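# Summary of the model geometry
Given next are the chains, with one letter for each unit.
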Amino acid sequence: MLPLHLLPSLLSSTYPSQQAVKLSLIIGTLFAMPSAFAADIPTGTQLASQQTLVRGNFDEPPSLDPAFSSTGSSSNVIQDMFEGLVSFDNDGNVVPALASHWDVSQDGKVYTFHLRPNIKWSDGSPITAQDFEFEYKRLIDPALGAPYAWYYSAAKLLNANDIIHGKKSSDSLGVKALDSQTLQITLEQALPYFTQMLIHESFFPTPENVVKKYGKNWTSPQNIVTSSAYVLKEHVINEKVVLERNTHYWNDNKTAINKVTYLPLQDANSEYNRFRTGEIGLTGSVSVDKIAEVKKSAPETLVIAPKIAEYYYGFNTTKSPFDDARVRKAFSYAIDRDVIANRILNMGYTPAYTFTPPATANY
């Protein structure tokens, strides 16, 4: 899902009385990454006096630490509280976020990122290149057990693979703060899509002094310090997570919603019913049998958004007849993907004819 500060207001009087809903339900096409477009309110739009939002969030977030973000329920909240060097625009292009610009060496192995001037954490202290270096070396350390440590190896950061396998110290990772405003990242080999990989929350910085001071408790409401549009104000396990606007965010003037409440609702039907009654203003959890009903009764509330993911049916290649590649190919040719996507599943899925989802940039 997109960071909430980047969504236009859901409580504008230009919307119908039933608040808008976003459903991410396309097959063949995971866009769990943040986007850099801001909430540009059209001229003449009359906003509601209370700019707040309540949204369903699937489940209780296992962690609000970017280093441990591994589920959608965690990612939704973390992406609203933290930001990285770069982000995406509406067209999938990489654009500056906490970094204003960057340089790349001629061999494509050394990236030098220049941070925006005067960017601040939610407590008003400066965000520095040292915070990035600290977090990257913290995340790659095997002692931390971060679920996405492997992502640094996939991104070809210098020595990442050796660090993961205990052959080198995390201090040898190819990242260095040249000064408080300049971060240098060195790769083992040139990777043309490296800046796109920086969108992931595993590359978000964390406040070194806060993490070191409070340890595992640094993400509790009374301790947490954030870098994006929102800061954590309340977290009641299995009940709610409440964020409020971070006025120190560099792009705060583009934030429309002042308060966001996330509800961990595991039952899709229950969440949908609460949306219908107006208790929830945004949901991405709707059961298959409700899609047709939504399309018929309230089509203006339904948004089918592309995901960079694939759903597929696999063969058990250890058993006959599917141990024969010719049989598998015949079945593949015989399957009508359009019928499965549009009639059987009927959730707005896009039939997949390649493993690369069409929503992928430069597809």
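Residues numbered from 1 in each chain as written. Predicted model: local features only at pLDDT ≥ 70, side-chain atom pairs only at ≥ 80, totals over all residues. Heavy atoms only, no water.

Let us look at the pairing of strand E10 (residues 259-263). Of all five residues making up E10, four are buried, and the element is well covered by its neighbours. Inspection of the sheet shows strand E1 (residues 52-56) paired to E10 by five bridges, in the parallel sense. Bridge assignment links Gly-56 to a residue of E10, and that residue is Leu-263. (Buried < 20%, exposed > 50% of the residue type's maximum accessible area, 1.4 Å probe, protein only. Helix = DSSP H or I, 4+ residues; strand = E, 2+ residues; numbered from the N terminus. Pairing = 2+ DSSP bridges.)

Under the counting rule described, the total for this entry stands at 20 aromatic pairs. Measuring from centroid to centroid gives 5.8 Å for Tyr-136 and Tyr-152, while their planes differ by 75°, and the two rings are edge-to-face. One end of the pair, Tyr-136, is in helix H2 (residues 129-140); the other, Tyr-152, is in helix H3 (residues 149-154), with 16 residues separating them in the sequence. Just as Tyr-136 is buried, Tyr-152 falls in that class too. Cluster of aromatic residues (ring-pair linked, three or more members): Trp-102, Tyr-111, Phe-113, Phe-132, Tyr-136, Tyr-148, Trp-150, Tyr-151, Tyr-152, Phe-194 and Phe-203. Across from the ring centre of Trp-250, 3.7 Å away, lies the NZ or CZ of Arg-116, which sits over that ring. (Phe/Tyr/Trp six-rings, centres within 6.5 Å; stacked < 30°, edge-to-face > 60°. Lys NZ or Arg CZ within 6 Å of the ring centre and 35° of its normal.)

This paragraph deals with the pairing of strand E5 (residues 110-115). A regular strand carries its side chains on alternate faces of the sheet. Across five bridges, the pairing between strand E4 (residues 99-104) and E5 is antiparallel. Bridged to Asp-103 within E5 is Thr-112. Connecting E4 to the next strand, E5, in antiparallel fashion are five residues, including Gly-108 with a positive phi near 75°. With five bridges connecting them, E5 and strand E7 (residues 182-186) associate as antiparallel partners. Counted as the bridge partner of Thr-112 is Gln-184 from E7.

Attention shifts here to helix H1 (residues 72-81). The buried count for H1 comes to nine of ten residues, which makes it a mostly enclosed element. Among the residues of H1, Ser-73, Ser-74, Ser-75, Asn-76, Val-77, Ile-78, Gln-79, Asp-80 and Met-81 are the ones counted as buried. On the buried face of H1, the contacting elements are E1, strand E8 (230-236), strand E9 (240-245) and E10. (Contact = heavy atoms within 4.5 Å.)

As a further point, take the sheet that holds E8. The four strands lie next to each other as E1-E10-E9-E8, forming an open sheet whose pairing is mixed. Taken across any chain shown, the strands that pair with only one partner, and hence form the sheet edges, are E1 and E8. Here the strands of the sheet are splayed against their neighbours by 20° on average, with no regard to which way each runs. Pairing of E9 with E10 involves four bridges; the strand directions are antiparallel. By the bridge assignment, Glu-244 is partnered in E10 with Lys-259. (Axes fitted to C-alpha atoms, helices over the stretch in contact; angles between N-to-C directions.)

It is worth spelling out the nonpolar core at this point. Core analysis: the largest hydrophobic core is formed by 61 residues, its most contacted members being Leu-85, Phe-113, Tyr-136, Leu-157, Ile-185 and Phe-194. For this core, the element with the highest residue contribution is H2, accounting for six residues. Not counting residues within four places of it along the chain, the set of residues in contact with Phe-113 comprises Leu-85, Val-86, Ala-99, His-101, Trp-102, Gln-181, Thr-182, Leu-183, Ile-185, Phe-194 and Leu-198. If you look at the next biggest cluster of nonpolar residues, it comprises 13 residues, including Leu-263, Phe-275, Val-294 and Ala-341. (Core = buried A, V, L, I, M, F, W, Y, C linked by side-chain atoms within 4.5 Å.)

With that settled, consider the layout of surface pockets. Of the volumes computed, that of the second largest pocket is approximately 700 Å³. Residue lining of the second largest pocket: 23 residues in total, with Tyr-311, Tyr-312, Tyr-313, Arg-337 and Ala-352 positioned closest to the centre. Looking at the lining of the second largest pocket, the elements with two or more residues in it are helix H9 (325-334) and helix H10 (337-345). Looking at side-chain class alone, the lining of the second largest pocket contains 14 nonpolar, five polar and four charged residues. (1 Å grid on protein atoms, 1.4 Å probe; cavity = no way out; pocket = protein on both sides within 12 Å on 5 of 7 lines; lining within 4 Å. Points joined across faces, edges and corners; volume = space filled by probe spheres on them. Nonpolar A, V, L, I, M, F, W, Y, C, P; charged D, E, K, R; others polar.)

So, about the pattern of salt bridges. Summed over the entire model, instances satisfying the criterion amount to ten salt bridges. A salt bridge links Asp-65 to Arg-138, with the shortest nitrogen-to-oxygen separation between them at 2.5 Å. In this pair, Asp-65 is assigned in the loop between E1 and H1 and Arg-138 in helix H2, connecting sequence segments 73 residues apart. Residue Asp-65 is classed as buried on the basis of its relative accessible area of 6%. Given the relative accessible area of 15%, Arg-138 is considered buried. Here Arg-274 ties to Glu-279 by a salt bridge, and the two come within 3.4 Å at their closest N and O atoms. Connected through shared salt-bridge partners, Asp-65, Glu-135 and Arg-138 make up one network. (Salt bridge = Lys/Arg side-chain N within 4 Å of Asp/Glu carboxyl O.)

One open sheet holds the four strands; their spatial order is E4-E5-E7-E6, and the pairing between them is antiparallel. The two strands at the open ends of the sheet, each matched to only one other strand, are E4 and strand E6 (175-179). Direction aside, neighbouring strands of the sheet carry axes that sit 25° apart on average.

Here the focus is the confidence of the model for the chain. In the predicted model, the chain carries a mean pLDDT of 87, and 90% of its residues have values of at least 70. Here residues 1-37 is modelled with pLDDT under 50, and outside its nearest four sequence neighbours on either side it reaches 164 contacts, counting other chains as well. (pLDDT = per-residue confidence, 0-100.)

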